[in-house]
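Spelled out, the chains give:
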Amino acid sequence: MDFTLSARSESFRQRVQDFIEQQVLPIEQAHFSALERKGHLGDFSKWAVSEEVERLKAQAKAEGLWNLFLADPDHGAGLSTLEYAPLAEEMGRSFLAPEIFNCSAPDTGNMEVLHLFGTAMQKATWLMPLLNGDIRSVFCMTEPNVASSDATNIASSIAEDGDFLVLNGKKWWTTGLGHPKAQVGIFMGVSDAGAERHRRHSMVLFPLSAPGVSIRRMLSVFSQFDEPSGHGEVWFDQVRVPKNYLIGSLGDGFSIAQARLGPGRIHHCMRAIGAAERALGLMIARGQARTAFHQPLLKLGGNLERIANLRMAIDSARLMTLHAAWKIDTVGAMQSMKEISAIKVLAPQVLQDTVDEAIQLFGGEGLCQDSPLPALFAMARALRIVDGPDAVHRALIARLELAATRNPR
Ligand SMILES: Cc1cc2nc3c(=O)[nH]c(=O)nc-3n(C[C@H](O)[C@H](O)[C@H](O)COP(=O)(O)OP(=O)(O)OC[C@H]3O[C@@H](n4cnc5c(N)ncnc54)[C@H](O)[C@@H]3O)c2cc1C
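Residues numbered from 1 in each chain as written. Predicted model: local features only at pLDDT ≥ 70, side-chain atom pairs only at ≥ 80, totals over all residues. Heavy atoms only, no water.

## Observations concerning the packing of aromatic side chains
- Scanning the entire structure with this criterion turns up 7 aromatic pairs.
- Ring centres of Trp126 and Tyr245 lie 4.9 Å apart, and the angle between their planes is 85°; this geometry places the pair in the edge-to-face category. Of the two residues, Trp126 sits in helix H6 (residues 120-132) while Tyr245 sits in the loop between strand E7 (231-242) and strand E8 (246-247), which places them 119 residues apart along the sequence. We note that Trp126, like Tyr245, is buried.
- Taking the centre distance of 4.9 Å and the plane angle of 85° together, the rings of Phe206 and Phe236 count as edge-to-face. Of this pair, Phe206 sits in strand E5 (residues 201-207) while Phe236 sits in strand E7, and the two are 30 residues apart along the sequence. Comparing Phe206 with Phe236, the two get one shared label, buried.
- What links up through ring pairs into an aromatic cluster is the set Phe187, Phe206 and Phe236.
- Across the ring face of Trp235, the terminal group of Lys170 is positioned such that the distance to the ring centre comes to 4.2 Å.
- Lying over the aromatic face of Phe164, Arg240 brings its terminal NZ or CZ to 4.8 Å of the ring centre. (Phe/Tyr/Trp six-rings, centres within 6.5 Å; stacked < 30°, edge-to-face > 60°. Helix = DSSP H or I, 4+ residues; strand = E, 2+ residues; numbered from the N terminus. Buried < 20%, exposed > 50% of the residue type's maximum accessible area, 1.4 Å probe, protein only. Lys NZ or Arg CZ within 6 Å of the ring centre and 35° of its normal.)

## Regarding the pairing of E5
- Across the 7 residues that make up E5, a large majority, 7, are buried.
- Burial of the side chains of E5 extends over both faces: His201, Met203, Leu205 and Pro207 are buried on one face and Ser202, Val204 and Phe206 on the other.
- Where strand E4 (residues 182-190) and E5 come together, 7 bridges link them in antiparallel fashion. Looking at the pairing, Met188 lines up with Met203 of E5.
- Direction of pairing for E5 relative to E8: antiparallel, over a ladder of 2 bridges. What sits directly across from Met203, in E8, is Ile247. (Pairing = 2+ DSSP bridges.)

Here is the structure:
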């Protein structure tokens, strides 16, 4: 295994890093402070796109730093999962950067689904505007009334009615639901309750403006609403969409979900590693600059050992994530489930541990709005649930491990 970056990947990484340092980070704190002052507290009807973010998106697009996640060279950068991973790490250093490069979830996963499984009509109607950044999208799988970490529990329904499909059910934790540009979603529901467990579900596109789609409320994460994207609860009451909005065939829901989540988890993990690097950098800078008991904070009581442990943990998580990315590129996501689950547990935990230590070294300042640490902590904690809780990934790793273990002598 050789993780040396290709020349193209290194060139993109450097340009993404420069763009974030020179254009994005300088506006980030003011951007979030302005949102706080507006204090819309979940009232998404008042949410608006930021002109500054839109301007930076246009600039990134003009510079060719756009849709970098997409392996298709005609519509994206044509990078492999391994080549894209270091770019995702750079983007993880900023909360705004993924969207500015049109590389943010859930759009990336939805675009990948449309790119891989969409019909010509679906691509023209939704994929192209998403790739252009003209609209945004949501993914509706999780439901309030069932344990959605076991996706076979998903109970919303998709019924055939002549040339239409009729969607019913309640969804929540739909990321991006509040975004003023969100126009389309992917709905997962049961289309054949009598089929084999992994052939019961299908995925269907729906316009957010369709009659019967109602956004009930936005949900906060540690009291933050992630304006203007947010995460929301949305109900479907007799929502009728033409049959050609179905993605793939009836019963394909699970196979499409697997394809959607493989590379997406690499993106999440590499962003977590970038975020951990940011937290560690902040911790070191403050620990060197501030003095207590006649010494820099870093030299007091075990802090240097903490720095060393965090460095080892971050580097381990990065190597494991690059290995998983390499394996996806080499044998495919379905053959890389153990590696994907392992990094999905490890990278958010390393981020959480790093931010926790950084907060400690920041003292009171680490808990208030003067540093990105509280938002990084919330990100880490949420990542341990998003795309499957830690426990589910651990269960899968253990199952594969037991199956692979030979009798010891
Ligand atoms: C910020 C955020 C954004 C999200 N965005 C989206 C989105 O855009 N679209 C979408 O559809 N969903 C989204 N989700 C939902 C997320 O994917 C689900 O919350 C997750 O899959 C868990 O489902 P659940 O909440 O129903 O938890 P449950 O299924 O009720 O599980 C609760 C807990 O039970 C325990 N548990 C479950 N299974 C096992 C096991 N096998 N072994 C041991 N313990 C177990 C775990 O501790 C788990 O955390 C988002 C969630 C968050 C927090």
